[in-house]
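Per-entry structural report
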Amino acid sequence: MALAQQLRAESDFEQLPDNIAISANIADIEEKRGFTSYFVFVIEVKTKGGSKYLIYRRYRQFHALQSKLEERFGPENKSNPFTCSLPTLPAKVYVGVKQEIAEMRIPALNAYMKSLLSLPIWVLMDEDVRIFFYQSPYDSEQVPQALRRLRPRTRKVKNESPQDAIFDRMAAPRAEALFDFTGNSKLELNFKAGDVIILLSRINKDWLEGTVRGATGIFPQSFVKILKDFPEEEDPTNWLRCYYYEDTISTTKDIAVEEELSSTPLFKDLMQLMRREFQREDIALNYRDAQGDLVRLLSDEDVGLMVKQAQGLPSQKHLFPWKLHITQKDDYRVYNTVP
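Keep in mind that what you see is a predicted model, and the values were worked out from it rather than measured.

Some thoughts on the overall build of the protein chain
- Helix and strand content of the protein chain: nine helices and 13 strands.
- Sorting the 339 residues of the protein chain into buried and exposed places 47% on the buried side.
- Relative to all contacts within the protein chain whose residues are 6 or more apart in sequence, the contacts with residues 24 or more apart total 61%.
- If you sum the accessible surface of the protein chain, you get close to 18,600 Å²; carbon and sulfur atoms cover 52% of it.

What follows is the structure in structure tokens.
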């Protein structure tokens with residue numbers, strides 16, 4: 001399909017639900033810390049219905065989305081009649097200063113998102129695309145440090161969608177009004193009992209934003225019944241349980257780490273994280289083997305063995321299955337030396 005043919009036609013645009021993202025621009029980058037520091041892109045998203053919000057995405061989330069789209073809509077998928085030419089994602093960079101790499105990626109990622117949001121409606125309605133651009137509860141709780149790169153929107157947005165839109169809105173998050181509601185200000189949405197409201201965003205635990213009959217506004221959730229809720233996106237924060245030993249005192253500390261539970265850290269990154277958390281340089285990292293004895297970590301291979309041993313063990317949600325035991329570097333009394 002030629003690029004000109006796959007760009008959204010005006011009629012296609014009118015058929016989209018109001019909560020579909022139609023533009024996205026990177027406003028800034030922010031440093032976060034997992035096992036090591038990394039940078040996230042702070043992205044301003046605007047929907048067809050006029051809502052604007054910020055989302056926080058790592059490059060690897062862009063890469064994961066692109067991989068799914070290539071598998072689903074790429075030309076090599078012969079079983080799917082709905083294929084198209086996907087935009088090119090900037091390649092991974094393995095060497096360089098992380099902040100400089102993130103800064104250099106901004107123009108290319110902005111171009112990527114602009115091209116992605118100009119693809120046919122079957123791509124825009126793909127669940128993974130919608131989840132990528134939705135504002136998750138984690139996104140809404142973040143406080144941006146700065147928004148240095150905000151740019152004007154690049155696409156004209158109509159405030160009202162036609163009432164005779166033929167697109168199937170059953171795919172969109174929506175709610176049915178249980179009672180009449182008359183807002184106290186222009187920001188609030190008026191509706192009648194029985195109206196089906198297309199949901200645009202969750203303001204907080206008590207208020208929603210939505211659109212009905214061409215009007216957009218906020219309203220109390222207690223006045224509606226949710227027919228289809230927003231897709232859930234997991235909080236990227238997981239927790240690493242650490243046991244810290246000093247003399248005869250043992251303390252437990254759970255450390256927030258924005259990494260996947262299946263990830264295996266490098267030894268040096270794990271050591272730097274523990275030194276920073278416990279404010280001690282003279283520490284040793286350990287794990288307990290199958291016999292319950294402490295084993296000191298000295299290399300990436302040791303960390304790999306620790307992670308592998310923990311695979312299959314029962315674990316709580318958002319808690320790494322392996323645990324760290326932090327001891328004093330010169331304290332060898334903690335080890336079992338009995339043959």
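From this point, things continue past the structure.
With respect to the pairing of strand β3 (residues 52-57)
- A large share of β3 lies buried, amounting to five of its six residues.
- Across six bridges, strand β2 (residues 37-47) lies against β3 in antiparallel orientation. Opposite Glu 44, over in β3, you have Leu 54 as the bridge partner.
- Between the end of β2 and the start of β3, which pair antiparallel, lie four residues, with Gly 50 showing a positive phi angle near 100 degrees.

Structural notes on the sheet that holds strand β5 (residues 196-202)
- The five strands lie next to each other as β7-β6-β5-β4-β8, forming an open sheet whose pairing is antiparallel. Of all strands in the sheet, those bounded by a partner on one side alone are β7 (215-220) and β8 (224-228). Shown here is a sheet whose adjacent strand axes are inclined to one another by a mean of 40 degrees, direction ignored.

Some details on the nonpolar core
- Grouped together as the largest cluster of nonpolar side chains are 48 residues, with contacts concentrated most on Phe 41, Ile 43, Phe 62, Phe 133, Phe 191 and Phe 219.
- Of the residues forming this core, the biggest block, six residues, is contributed by helix α4 (residues 98-116).
- Those residues in contact with Phe 133 that sit more than four places away from it in its chain are Ala 21, Ala 24, Val 45, Tyr 53, Ile 55, Met 113, Leu 116 and Leu 117.
- Of all hydrophobic cores here, the second largest spans 24 residues; its members include Leu 240, Tyr 244, Leu 270 and Val 303.

Description of the pattern of salt bridges
- Under the definition given, this model contains 16 salt bridges.
- The salt bridge partner of Arg 241 is Asp 254, with a shortest N-O separation of 2.9 Å. With a gap of 13 residues between them, Arg 241 in strand β9 (residues 238-246) and Asp 254 in strand β10 (residues 249-257) connect regions that are remote in the sequence.
- Residues Asp 331 and Arg 333 are paired through a salt bridge, measuring 3.0 Å at the closest nitrogen-oxygen approach.

Focus: the side chain of Asp 331
- Counting through the fold element by element, Asp 331 comes out in the segment after β13 (324-328).
- What makes Asp 331 buried here is its relative accessible area of 14%.
- One polar contact links Asp 331 to Arg 333, side chain to side chain, over a distance of 3.0 Å.

Conventions we followed
- Residues numbered from 1 in each chain as written.
- Predicted model: local features only at pLDDT ≥ 70, side-chain atom pairs only at ≥ 80, totals over all residues.
- Heavy atoms only, no water.
- Helix = DSSP H or I, 4+ residues; strand = E, 2+ residues; numbered from the N terminus.
- Buried < 20%, exposed > 50% of the residue type's maximum accessible area, 1.4 Å probe, protein only.
- Contact = heavy atoms within 4.5 Å.
- Areas by Shrake-Rupley, 256 points an atom, 1.4 Å probe, with all protein chains shown as cover.
- Pairing = 2+ DSSP bridges.
- Axes fitted to C-alpha atoms, helices over the stretch in contact; angles between N-to-C directions.
- Core = buried A, V, L, I, M, F, W, Y, C linked by side-chain atoms within 4.5 Å.
- Salt bridge = Lys/Arg side-chain N within 4 Å of Asp/Glu carboxyl O.
- Polar contact = N/O pair within 3.5 Å; in protein donor to acceptor, adjacent residues only side chain to side chain.

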